[in-house]
Every structure is written in C-alpha cells, then in structure tokens.
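Working through the structure, step by step
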Amino acid sequence: MRLSRFFLPILKENPKEAEIVSHRLMLRAGMVRQEAAGIYAWLPLGFRVLKKIEQIVREEQDRAGALELLMPTLQLADLWRESGRYDAYGPEMLRISDRHKRELLYGPTNEEMITEIFRAYVKSYRSLPLNLYHIQWKFRDEQRPRFGVMRGREFLMKDAYSFDIDEAAARRAYNRMFVAYLRTFARMGLKAIPMRAETGPIGGDLSHEFIVLAETGESGVFCNSDVLDLPVPSDDVDCQGDLSGIISQWTSVYAATEDVHDAARYEREVPADKRVSTRGIEVGQIFYFGTKYSDAMKALVTGPDGADVPIHGGSYGVGVSRLVGAIIEACHDEAGIKWPEAVAPFTAVILNLKQGSEDTDAACEKLYRELQARGVDVLYDDTDQRAGAKFAAADLIGIPWQILVGPKGLAEGRLEIKRRSDGSRENLSPAEVVAKIAG
RNA sequence: CGGAGUAUAGCGCAGCCCGGUAGCGCACCUGCUUCGGGAGCAGGGGGUCGCAGGUUCGAAUCCUGCUACUCCGACCA
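What comes next is a walk through the structure.

What counts and how
- Residues numbered from 1 in each chain as written.
- Chains lettered and ligands numbered in written order.
- Predicted model: local features only at pLDDT ≥ 70, side-chain atom pairs only at ≥ 80, totals over all residues.
- Heavy atoms only, no water.
- Pairing = 2+ DSSP bridges.
- Helix = DSSP H or I, 4+ residues; strand = E, 2+ residues; numbered from the N terminus.
- Near = heavy atom within 4 Å.
- Polar contact = N/O pair within 3.5 Å; in protein donor to acceptor, adjacent residues only side chain to side chain.
- Nonpolar A, V, L, I, M, F, W, Y, C, P; charged D, E, K, R; others polar.
- Core = buried A, V, L, I, M, F, W, Y, C linked by side-chain atoms within 4.5 Å.
- Buried < 20%, exposed > 50% of the residue type's maximum accessible area, 1.4 Å probe, protein only.
- Contact = heavy atoms within 4.5 Å.
- Salt bridge = Lys/Arg side-chain N within 4 Å of Asp/Glu carboxyl O.
- Expected span 1.5 Å × (residues − 1).
- Axes fitted to C-alpha atoms, helices over the stretch in contact; angles between N-to-C directions.
- Disulfide = S-S within 2.5 Å.

1. Things to note about the pairing of strand β6 (residues 103–106)
The side chains of a regular strand alternate between both faces of the sheet. Two strands pair when backbone bridges link them, and strand β4 (residues 74–76) and β6 are joined in this way by 3 bridges, in the antiparallel orientation. What sits directly across from Leu74, in β6, is Tyr106. Here strand β5 (residues 94–97) pairs with β6 via 4 bridges, running antiparallel. The partner of Ser97 across the bridge, within β6, is Glu103. Here β5 folds back onto β6, and the loop between the two strands holds 5 residues, one of which, Lys101, carries a positive phi near 65°.

2. Things to note about the protein's contact with RNA strand B
Close to RNA strand B lie 40 residues, the nearest being Arg144, Glu282, Asp395, Glu416 and Arg425. Counting only the atoms of RNA strand B that lie within 4 Å of the protein, the sugar and phosphate share comes to 44%. At 2.7 Å from a base nitrogen of RNA strand B is found a side-chain nitrogen or oxygen belonging to Arg151. In the model, a sugar or linking oxygen of RNA strand B is placed 3.2 Å from a nitrogen or oxygen of the Lys408 side chain. At the level of secondary structure, the elements contributing two or more residues to the surface near RNA strand B comprise β1 (32–36), β13 (275–290), α12 (387–397), α13 (407–410) and β22 (415–419). Per-element accounting of the surface near RNA strand B gives the leading share, 6 residues, to α12. Considering only residue class, the surface near RNA strand B consists of 12 nonpolar, 8 polar and 20 charged.

3. Things to note about the nonpolar core
Ranked by internal contacts, the top residues of the largest apolar core, which has 86 residues, are Met31, Ile53 and Trp339. If you tally residues by element for this core, the top one is helix α6 (residues 167–187), at 10 residues. Those residues within four positions of Trp339 in sequence are excluded, and the remaining contacts are Met31, Val49, Val324, Ile327, Ile328, Ala344, Pro345, Ile397, Gly398, Ile399 and Pro400. Grouped together as the second largest cluster of nonpolar side chains are 20 residues, Trp80, Leu105, Val122 and Met297 included.

4. A short note on the pattern of salt bridges
Scanning the model with the defined rule gives 33 salt bridges in all. Across the salt bridge formed by Glu112 and Arg85, the nearest N and O atoms sit 2.7 Å from each other. Remark: Arg85 occurs in helix α4 (residues 85–88) and Glu112 occurs in helix α5 (residues 111–121); sequence separation between them is 27 residues. We note a salt bridge from Asp381 to Lys390, for which the minimum N-O separation is 3.7 Å. For Asp381, a relative accessible area of 3% puts it in the buried group. Since its relative accessible area comes to 0%, Lys390 is described here as buried. Taken together, the salt bridges that share partners define one network made up of Glu59, Glu60, Arg63, Arg183, Arg187 and Asp235.

5. Considerations on helix α2 (residues 44–63)
Taking 1.5 Å of rise per residue, 20 residues should cover 28 Å, and α2 covers 29 Å from first to last C-alpha, within 8% of that figure. Buried within α2 are the following residues: Leu45, Gly46, Val49, Leu50, Ile53, Glu54, Ile56, Val57, Arg58, Glu60 and Gln61. Immediately downstream of α2, the backbone of Gly65 shows phi near 95°, a positive value.

6. Describing the sheet that holds β5
Strand order across the open sheet formed by 3 strands is β4-β6-β5, with antiparallel pairing between neighbours. The two strands at the open ends of the sheet, each matched to only one other strand, are β4 and β5. Taken over all neighbouring pairs, the strand axes of this sheet differ in orientation by 40° on average, direction set aside.

7. Section: the state of the cysteines
With the rule as written, the count across this model stands at 0 disulfides. Considering cysteine sulfurs only, Cys223 is the nearest to Cys331, which forms no disulfide, with 18 Å between them.

And the structure:
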C-alpha cells in the first residue's frame, strides 16, 4: 500500500476526551473515529488490526473444533422471554420495534438464539459434542461507556457455545476452549492470565476470565508471578485429547480478580516475593452453565438409553474490538504503538527519506515490489514529507519493521532497518532486508 | 444511575463577566527555500459560534428549554 493513496488521518495533538493511552493512540493514529458515546467507526488502519485479531481468534476456534456460523444482530424479544432474560437484562439491552410494532432487540449476546437453532435440528446425543461460534457485533447500552474501544457500547465479540450430553463431556469442551484461549492471546503477543471468576448474570458454576495485566485495567487482580512463565500449548497440541493436565497446571497457581480474591489464601499460598497485585483488562471469559438454558428452552437430546435429557452448555467470549485497545495498552511507548507482528496493520513500512530523488525513489520502488512479491504486507511512505515527520508517523502507527531508505545509506548500497519493538537498527543490503522480513 | 463539567473551523483553544457582526496554533491549499527525528517565509481556503425559543436596534456573548458529549463514582465482554 502506498501511503499517498491510503487514508491515514494522523493527529499531532491529543484529543482531549481520550484519557487512557490506547484510546489516545488509536485516535492519533487514525484508527477509529467516535460517532456517538461508545460507538466507533473503524478507519482503514484500525480495521486492518481488527481483522488480523479476528482471524487469529477464528483460526484457534477452528483448531479447537468449533464451527463458525453467523447469527443476526437483531433478535426477537419473544426468544428472550423464553429464557426469562428479556426482563432480567434491564436497561443495558437496546430494545427496538419494527414497523409492525414487533419487539426486537440488538443482541448483547446469543445464548437464546443459539439454543433455539440447536434444538431445531439436533435431536440425538450422537450429534454431540458440538461447539458453534460466531464473530458478530454486539450492543450493550452501558451506563458509562469510556476508554475508547475498551468499553464501548457497540463491540465486536467472538462468542462460542458448546453442547454436550453430560457435565463430564461439557467440562472437556470447556477445557478445549481454555486451551484455545491460551493460544489465541499468546499468538497476539499478550500474556493473558486465566483467573477464576464469578459467573455473573449468565449463570453456572465454572468460569474463568482471561486477564491482560495493565496498570490501566479496569479490575484489580492478584496472582503468583509463576503464572506469567507457564508454557502456552504449542501448535501440535491435540485439542481432542486429554487436556486436563494443561488445565490443572494453569489453575493450580493462584490468580484471581478482586471480586473473588481470597486474601488469606493468597498470603498462605504465594511467597511474598512472588505476589503480584496489579490491575488487568479482561479480554475473554469462559463459562460452563450446565442446563440453565436447555431447561428453560427445552433443548433436549435423546440419550443412548432412549430418554430425553437437557444438554449441558457453556459459552465462551472474546472481546475482539476490546483486544485492539488491550494490545496497545500492553505494547506502546512515548512515541506510539508497538504492534506485535501477528496483529500489525502492516508488517513493514518503507520510509523514503528523500522523496523525489531519483536514487531513493528507484530503490524504494524496487524494494516495495520485491516485498510485495514475497507476500509481505508492506506500507510505502511515498509522501513528500520530510524525514522527521515520516519517522514520527511510523513510530506512532507502530509498524514492526521500518526500512529507512536515504541518500546516506544508498551511497554505500545499504538500507537501514529499524525494529519498532526495541528500537534496534541494522544496516543491510536490499537483498538482506527482503530476506530478513520475508524470510 | 448519583455528582461535576463542556459544546466556537478537521484537532487543540481564546473571545462570553462588560452585547456591536469571530480569532490563534496545528492540519489543509498555492509558491519559494529547505530536506536523516513532527522545517522556514509569503499568500490563501474553511465556522448559520450544539439546537429551539426569548430579550434587544443588534446575541457566540444575556435569559429559558432541549440535545449531545466528557470526567469522577457505583455497574459491565
């Protein structure tokens, strides 16, 4: 992508409403624009990141055996009356009526709808286990939206729903999602710690929140620093195999949000030098809720003995749009964002330090073509701004690799490559640059 | 949902007390000079001053009502 043809409305000054760093940087980097309280338009740069995150979530859900579908944003009120949540959900639910005065709502979550779909088709225990998920916009009419996309009213969420014949099978489904979540967040460059959590209004008795440690997080958290060094399951983990060893490894180390924090146990189990008391951002939560919805909505399957039984369910959410902010909270410095490569809007940016000069133009064009040919997502800053402005913009938008092409280096046949994450620099030949980034 | 504020150009702000027909910095456009860490000079474009009423010869400014947004707290993927 040529920057001169891209849409990147960078701001030099800080918008006054943005209090936390991720919100400030997202606005300054031209990633989002606020359209109403807690409602954002995703501009091209932000949209690229959102899509990368979404794709990682999707790949790990698929790996875990979940099946993607897509449910609508609007749902009929009657569906929610069946579960009893239409009234219980309260003013956070956005209620709408259509021209026929039918009552609808903009979905804040989809347990009811997925249960309705499930019960319409699945009749036998032999169709289980089943895990269906979608990645769709949700709306929760928060009393006080804030912190940009970290707590918007409209947000993109991955929500998966598992269906199993009994509790033991449901716990295996829960474990598969637990492992998928460990992998998902690690692939994005985040340390997300699973913490025992309250089940809240969704119900059930087993739940973990996945928390990214950050001073600007909304909830207080307490954990044993050992949990930060636990190994994340690798690519070849057998999701259909026995995962209980991994789960117990992760859940035996103390980690809790302030809501369920047990100070006595914390002090008893965690040595003083390993106590971490900080704040965190919730990026995912998983629940096992048993037969709560299948009882209320009569989602029954016929078991091996011929008797109908309610299925055991779980639901598993990832805040996809929130993750964009969470990653920035975890990865930035004074100059701007430092995207982990896996979610970066572009892998590399070419900075032509003397636009209009024959030598640098030719070298940049060649490099740009070669990187593209090698499948690298590359941004070419071909604007006629001065070098300093290009450096500042590149640092701000956080592209992992900056390739500096200027007359000084070219005189010796060299380009300078700067790594955004640690600021390290190397002088390399063009071929070496291509090999390093594409290879 | 309690409390406190704000609304003037794309962004950040001044002007309002004391009414007289809107200004500054950044950004944008043109030209020249610059050119490896957010350049300089000169010229230029852009605002029914959140909306609706009222007072007045005259309202960004005073009065009334409304709306939107922000911050602190209680609450949430």
